[in-house]
Amino acid sequence: MTSAARTRSTIPRHATHDSIKVAPLTCTIGAELEHVSLADAVRDDGLFAEIRALLLKHRVLFLRDQDITRADHVAFARRFGELEDHPVASSDPDHPGLVLIYKDLNSPPEHYENAYHCDTTFREAPPMGCVLRCVETPAVGGDTIWVNMVEAYRRLPEPIQQQIAGLRARHSIEATFGAVMPLEKRHALKARFPDAEHPVVRTHPETGEKTLFVNAFTTHFVNFHTPDNVRFGQDFTPGASHLLNYLISQAQIPEYQVRFRWKKNSVAIWDNRCTQHYAVQDYWPGVRKMERATIVGDRPR
């Protein structure tokens, strides 16, 4: 059974909302939905079920003209599950779980978003997904790219698939967000969030698909140093590093991607278990303000 057929077979059957127009943006990932309000989906079980099924199929959904309140934003995201705050980014004090990602001329010159990444895989249970809304966009630039990591795994050479089948890797907040912190603060952050260990190939808990699960938060393999992979001790570091860098680089392949141009009140909903994304920081001195609700996920297997 093909990957696409396997995905379709796992999508639940339910009444279709005929008013929803679904426009796929690529053959691999992404669809834009029209004639739907997320505020309505908060209260309409059938409409929400349709959106969730489309998310499993297309992996990231885009909607325009969602002039909704923060309360509705949070309430819609919570239909997928409980929400979580980010350990470093600021959140709206009146709406827990809604992270404010505001970039202007006074923002520090950090580079976290403009790397291909899967959100907070330094957690033992990374997020299931996110609902991101644009509240202010620059005149030009500021797009976001999403990547289908199921396709990235599927198209790996078979010998590579075999080699990574049992590999596990560490994901670190200390080596990313913590890198700019003073020593004591960085160590305190790692004490709160010890490096998480995840399979290099995870199985999607709803579709059963295999997905490549390494990204910018991944620092190293934990079980590479075996007789099958290492002839001499000096093989360990270059061999593992080259393989990890090769796997991380798969997210950069355009055939696995969709790129979205933001407008005010545009919304993206993505499945964090099988995608990566990259927020392009090409808009300085423009201002970009986004608000993100992040949904608690499960432990990768």
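Computed from a prediction, not measured in an experiment: that's the story for all the values here.

**Digging into the sheet that holds strand β8 (residues 196-199)**
Phase 1: Ordered in space as β8-β7-β11, the three strands form an open sheet in which the pairing is antiparallel. Pairing within the sheet leaves two strands with one partner each, and these edge strands are β8 and β11 (218-221). Across this sheet, the average inter-strand angle for adjacent strands is 35°, counted without regard to direction.
Phase 2: The sheet contact formed by strand β7 (residues 168-171) and β8 spans four bridges and is antiparallel. From the neighbouring strand, His171 faces β8, where its bridge partner is Ala196.

**With respect to the UniProt feature "domain: TauD/TfdA-like" (unreviewed entry) in the chain**
Phase 1: UniProt's entry tags residues 22-294 with the feature "domain: TauD/TfdA-like" (unreviewed entry), counted in the numbering of this structure.
Phase 2: Across residues 22-294 one finds 24% helix and 25% strand; the C-alpha atoms that close the span lie 24 Å apart.

**A short note on the environment of Leu61**
Phase 1: With respect to the helices, strands and loops of the structure, Leu61 is situated in strand β3 (residues 60-63).
Phase 2: Spatially, the C-alpha atoms of Leu61 and Val22 are 9.3 Å apart, while their sequence positions differ by 39 residues.
Phase 3: With residues near it in sequence (within four places) discarded, Leu61 still touches Ala31, Leu33, Ile51, Leu54, Leu55, Val267, Ala268 and Ile269.

**As for the pairing of strand β15 (residues 288-295)**
Phase 1: For β15, the buried fraction is high: seven of the eight residues fall into the buried class.
Phase 2: Of the strand pairs in this sheet, strand β4 (residues 98-103) and β15 are connected by six bridges, and their pairing is antiparallel. Of the residues in β15, the one forming a bridge with Val99 is Arg292.

**A few points about the layout of surface pockets**
Phase 1: There is about 790 Å³ of room inside the largest pocket.
Phase 2: Ala89, Glu110, Tyr112, Glu113 and Phe177 are, among the 36 residues lining the largest pocket, the residues nearest its centre.
Phase 3: Here the lining of the largest pocket gets five residues from one element, more than from any other, and that element is β4.
Phase 4: A per-class count over the lining of the largest pocket returns 19 nonpolar, 11 polar and six charged.

**Re the packing of aromatic side chains**
Phase 1: One pass over the structure, following the stated rule, counts 14 aromatic pairs.
Phase 2: Residues Tyr116 and Tyr278 carry aromatic rings whose centres are separated by 4.8 Å and whose planes lie at 50° to one another, so their mutual orientation is tilted. Of this pair, Tyr116 sits in the loop between β4 and β5 (129-136) while Tyr278 sits in strand β14 (residues 275-279), and the two are 162 residues apart along the sequence.
Phase 3: Judged by its relative accessible area of 16%, Tyr116 falls in the buried class.
Phase 4: What makes Tyr278 partly exposed here is its relative accessible area of 22%.

Conventions adopted
Residues numbered from 1 in each chain as written. Predicted model: local features only at pLDDT ≥ 70, side-chain atom pairs only at ≥ 80, totals over all residues. Heavy atoms only, no water. Pairing = 2+ DSSP bridges. Helix = DSSP H or I, 4+ residues; strand = E, 2+ residues; numbered from the N terminus. Axes fitted to C-alpha atoms, helices over the stretch in contact; angles between N-to-C directions. UniProt positions renumbered as here; feature names shortened; annotations may be inferred. Contact = heavy atoms within 4.5 Å. Buried < 20%, exposed > 50% of the residue type's maximum accessible area, 1.4 Å probe, protein only. 1 Å grid on protein atoms, 1.4 Å probe; cavity = no way out; pocket = protein on both sides within 12 Å on 5 of 7 lines; lining within 4 Å. Points joined across faces, edges and corners; volume = space filled by probe spheres on them. Nonpolar A, V, L, I, M, F, W, Y, C, P; charged D, E, K, R; others polar. Phe/Tyr/Trp six-rings, centres within 6.5 Å; stacked < 30°, edge-to-face > 60°.

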